[in-house]
Amino acid sequence: MANASHRMRHEELLTGLSAYEEQHGSLPGIADPIARATLVEQLISSLRRIEYVLRFRHRPMVSPERINPHSPLFDPLKGAFFLDSQGARDEAVWLTFVATHFGKHVSDGWKLAGNVFGSFGDGPIWTLEHYKEHVNDFEAMLVEHQADLEAKSVSGRFSNHRQYQSKKAEKISLVFSTFHEWLIGAGGMNSRVRAIHLQVGQEPTAVFRELYGSLGTVYGFGRLGTFDFLTMLDKLDLAPIRADSVHFSGATGPLAGAKLLLLGSTDANTKTKALEKAIDSLDDYLNVGKQVLEDSLCNWQKSPTQYVYFRG
């Protein structure tokens, strides 16, 4: 059954690409049938990563150990879902932020996130409730463990998406403090969303766009951190949002993938907004969502004619 479903999805995506080309012209980057098939495989991989989160959302129970950074079961995404199921929406958003900032490393898993969130096993767990009462103590804890942070075998590593983030105590502290200000300054997640509803209405893509712009105040998040965070809030059903665009401004890999697909070269010189608009319109034919397009283009351009599974 899984293979049949895979083949059906593969054919649907090929049909969508052909339909797009009939209306908008050929896509030079996938003129080669092998490149076309490889792109489709990357699209399917991205869809499966999203489906993984959606699947655990529908399980009858998530263990409370998922929020315990001292437990081998620690998983901040499953933990965020658990917290929200207990009525702790802002704690769930906070843990999603922790997951996004550190990411899940291909080998180390959630080790870095767990170490910081759990004071390296030698102090408090930095829940939102604890953090807001002890902001200065958080940076002091990081300073105390600076040597541990710098020893990757001890602390763990950032995910691939976050690999250029600093492990300096003051930098991590600044990321946390500015995100805390963003979340609590609006009165919490639900209050921020309600305010946006009053301003621009309740259409999920409009709300996403407003949240995307507001997160520019969070230090070190950047374009990718912001996009990953908001799309995860969507997948975890922590906010009524849906990505309105692939948001290529400030992107590297996804933008290179769009250039390759649309113009035949990752080095093509063209306006980012034009590429963004074209890729956004491609979703009208593929119906996979903007996050899947952004993720799959990034991975596909690394190996356009040979499928490689990328993670962490």
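Just above, that's the structure.
This section reports on the structure supplied with the text. (Residues numbered from 1 in each chain as written. Predicted model: local features only at pLDDT ≥ 70, side-chain atom pairs only at ≥ 80, totals over all residues. Heavy atoms only, no water.)

### Observations concerning the environment of K302
Here K302 is to be found in the segment after α16 (290-300). With relative accessibility at 39%, the residue K302 sits in the partly exposed group. Sequence-distant contacts of K302, that is, excluding residues within four places in its chain, are made with N160 and F310. (Helix = DSSP H or I, 4+ residues; strand = E, 2+ residues; numbered from the N terminus. Buried < 20%, exposed > 50% of the residue type's maximum accessible area, 1.4 Å probe, protein only. Contact = heavy atoms within 4.5 Å.)

### Let's talk about the environment of L54
With respect to the element layout, L54 can be found in helix α2 (residues 33-57). Looking at L54, the relative accessible area reads 31%, which means it is partly exposed. Linking L54 and D237, residues 183 residues apart in sequence, is a C-alpha distance of 9.3 Å.

### As for helix α4 (residues 89-102)
With 14 residues, α4 should reach 20 Å at 1.5 Å per residue; the first-to-last C-alpha distance of 20 Å fits that figure. Buried residues dominate α4, accounting for twelve of its 14 residues. Of the residues trailing α4, G103 is marked for its positive phi of about 70°. (Expected span 1.5 Å × (residues − 1).)

### Observations regarding the packing of aromatic side chains
Across all of its chains, the model carries 23 aromatic pairs by this definition. Ring plane angle 75° and centroid distance 6.5 Å describe the contact between W126 and Y131, whose orientation is recorded as edge-to-face. Of note, R223 hangs over the ring of F227, and the distance from its end group to the ring centre comes to 5.3 Å. The lysine or arginine in question, K302, covers the ring of F310, its NZ or CZ lying 4.5 Å from the ring centre. (Phe/Tyr/Trp six-rings, centres within 6.5 Å; stacked < 30°, edge-to-face > 60°. Lys NZ or Arg CZ within 6 Å of the ring centre and 35° of its normal.)

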